[in-house]
Amino acid sequence: MKIKNHFMAIAAGFTCLSLLGAVPAAAQDHDEATQNIYRLYNRNTGEHLYTAAAEEKNALIKAGWSYEGIGWVGLTTGDGVYRLYNPNAKGGDHYYTVNTKEADGLCKLGWILENDGQPVFMSGGDIDLYVAYNPNANSGAHNYTTDRNEQESLLHAGWLYDQVAWKVAGMGSALTDPAVFYEIAGSTFGNNVYGFAGGPGVTMVINSDGTFSETNERIADQGGSELSRFTGQLSMPEKIDEYTWKVSVVSTSMTQPAGTTISEDGSTKQVVDPFAGFYGSSEFYIASPEKPFEDYPEYFQMHANIMPDAFKNNFGGSYILYSADGTTCLGVMNPDWN
């Protein structure tokens, strides 16, 4: 890929090792060793980052990046791929190239050559790795993928430069882990302890196929109860780290229309629009019982310290569903709770 005029010139002063004349490692047969190239996403800047280093992947996850799985499978030797960073772009931006002249040209414009001037991974193989450019983005302006459908969707959305960046050895794969649905299937989650959004009247059941049902109930201002029940479908769980999965609410449907009056448990209840739980969230998290306490959101930790006995009884040894801010946290219902 040639240097294009959309690269931003910035003030000089950054050191960049010259790559002109660099000799790439020898090309290899495709039966040689391969490595996974991890793909991460920063929802605050819109940037994807690609790395072969598990340590870097884990550090970025801890810093709040989302792990999206394997971007592609690369060879461990071949032509080097270099990673450059533009500190002048809002939010920062990375670019990848096998072209040493292009890398040197970008350095002269103020980009920083990362990894001490060494390749971050290698090119080589039989599979096309596509690159597309977003002219409207400061950060995350380039996307790399082996998925032709993803590439086409970006082009239809206005991205430019449908090119092959380099060749790779294997296709990428999104990291989904439906097994966690089987682990929690049929369990009733609740115990949304007072102080959390919605109070304790929220329950949720997730089935092995990702369908779910949720109930919200609260005491109405005028007396009696307000109730909402709905069902829906979740996306396949995306494994964020060793203990955590992220799911998105794909669709929901009320089981009774708002405004309906029903008699239940000897009382009259008014059906209302959902007001708590995960109905209004686009995504939430599932945590295994082994998730370290300090890795939960600050709000969760704060209330755990205020009410340690309640948290021990309601969340100890349980899978936990929680919102990103920790204001809704559901543990498996204890029959003796209340």
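For the structure itself, consult the block above.
Residues numbered from 1 in each chain as written. Predicted model: local features only at pLDDT ≥ 70, side-chain atom pairs only at ≥ 80, totals over all residues. Heavy atoms only, no water.

### Regarding the overall build of the protein
Rules: Comment: elements are numbered from the N terminus, with helices defined as DSSP H or I runs of at least four residues and strands as E runs of at least two. Only heavy atoms matter for contacts: two residues are in contact if any of them lie within 4.5 Å across the pair. In this description, accessible areas are obtained by the Shrake-Rupley approach with a 1.4 Å probe, and a residue is regarded as covered only by the protein chains that are shown.
For the protein, the count of helices and strands is six helices and 22 strands. Within the protein, contacts between residues at least 6 apart in sequence are counted, and of these 65% link residues at least 24 apart. For the protein, the accessible surface area stands at approximately 16,400 Å², while carbon and sulfur atoms represent 49% of it.

### Describing the side chain of Arg-83
Counted only if it meets this: We define a polar contact as two N or O atoms separated by no more than 3.5 Å, with the added condition that, inside protein, one atom must be a possible hydrogen donor and the other a possible acceptor, whereas residues neighbouring each other in sequence contribute only through side-chain atom pairs.
Among the structural elements, Arg-83 can be located in strand 4 (residues 79–86). Separated by 3.4 Å, the side chain of Arg-83 and the backbone oxygen of Tyr-50 make a polar contact. Reaching out from Arg-83, the side chain makes a polar contact with the side chain of Glu-114 at a distance of 2.6 Å. Look past the residues within four positions of Arg-83 in its chain and what remains in contact with it is Leu-49, Tyr-50, Thr-51, Glu-56, His-94, Tyr-95, Tyr-96, Ile-112, Leu-113, Glu-114 and Val-120.

### Description of the pairing of strand 16 (residues 238–241)
The line we're drawing: DSSP calls a pair of strands paired once it identifies at least 2 bridges connecting them.
With three bridges connecting them, strand 16 and strand 17 (residues 244–254) associate as antiparallel partners. Looking at strand 17, one finds that Glu-238 is bridged to Lys-246. Between the antiparallel neighbours strand 16 and strand 17 lie two residues.

### Some words on the pattern of salt bridges
Quick note on the threshold: Salt bridges are counted wherever a side-chain nitrogen of Lys or Arg sits within 4 Å of a carboxyl oxygen of Asp or Glu. The buried label goes to any residue with under 20% of its type's maximum accessible area, the exposed label to any with over 50%, and the partly exposed label to all in between, with areas taken from a 1.4 Å probe on protein chains only.
Taken as a whole and assessed by the stated rule, the structure comprises 13 salt bridges. Linking Arg-39 and Glu-68 is a salt bridge whose minimum nitrogen-to-oxygen distance equals 2.9 Å. Here Arg-39 is found in strand 1 (residues 34–42), whereas its partner Glu-68 is found in strand 3 (residues 66–75), with 29 residues between them in sequence. Residue Arg-218 pairs with Glu-226 through a salt bridge whose shortest N-O separation is 2.8 Å. A relative accessible area of 14% means that Glu-226 is categorised as buried. A single salt-bridge network, built from bridges that share partners, covers Glu-217, Arg-229, Glu-264 and Lys-269.

### Remarks on the sheet that holds strand 1
The cut-off we apply is this: Axis lines are fitted to C-alpha atoms, over the contacting stretch for helices. Their N-to-C directions set the angle, which ranges from 0 to 180 degrees.
A sheet is described by the order of its strands in space; here four strands give the open sequence 2-1-3-11, paired in antiparallel fashion. Whereas interior strands pair on both sides, the edge strands pair on one side only; in this sheet they are strand 2 (47–51) and strand 11 (173–174). Relative to strand 3, strand 1 runs antiparallel, the two sharing eight bridges. Directly across from Leu-40, in strand 3, lies its bridge partner Tyr-67. The strands touched by helix 1 (residues 54–62) within the sheet are strand 1, strand 2 and strand 3, with strand 1 carrying the most contacts at an inclination of about 20°.

### Regarding the packing of aromatic side chains
The description of an aromatic ring pair uses the distance of the two centres, along with the angle that the planes make with each other. We apply this condition: Stacked, tilted and edge-to-face pairs are distinguished by plane angle, under 30 degrees for stacked and over 60 for edge-to-face with tilted covering the rest, among Phe, Tyr and Trp rings (Trp via its six-membered ring) whose centres lie within 6.5 Å.
Going through the model one piece at a time under the given rule, you end up with 17 aromatic pairs. A ring pair is formed by Tyr-50 and Tyr-144, whose centres lie 5.6 Å apart and whose planes are at 85°; its orientation type is edge-to-face. Taken together, the residues span a long stretch of sequence, with Tyr-50 in strand 2 and Tyr-144 in strand 9 (residues 142–145) at a distance of 94 residues. A centroid spacing of 6.3 Å and a plane angle of 70° characterise the contact between Tyr-95 and Trp-111, whose relative ring orientation is edge-to-face. Highlighted residues: Tyr-95 in strand 5 (residues 93–97) and Trp-111 in the loop between helix 2 (100–108) and strand 6 (112–113), separated in sequence by 16 residues.

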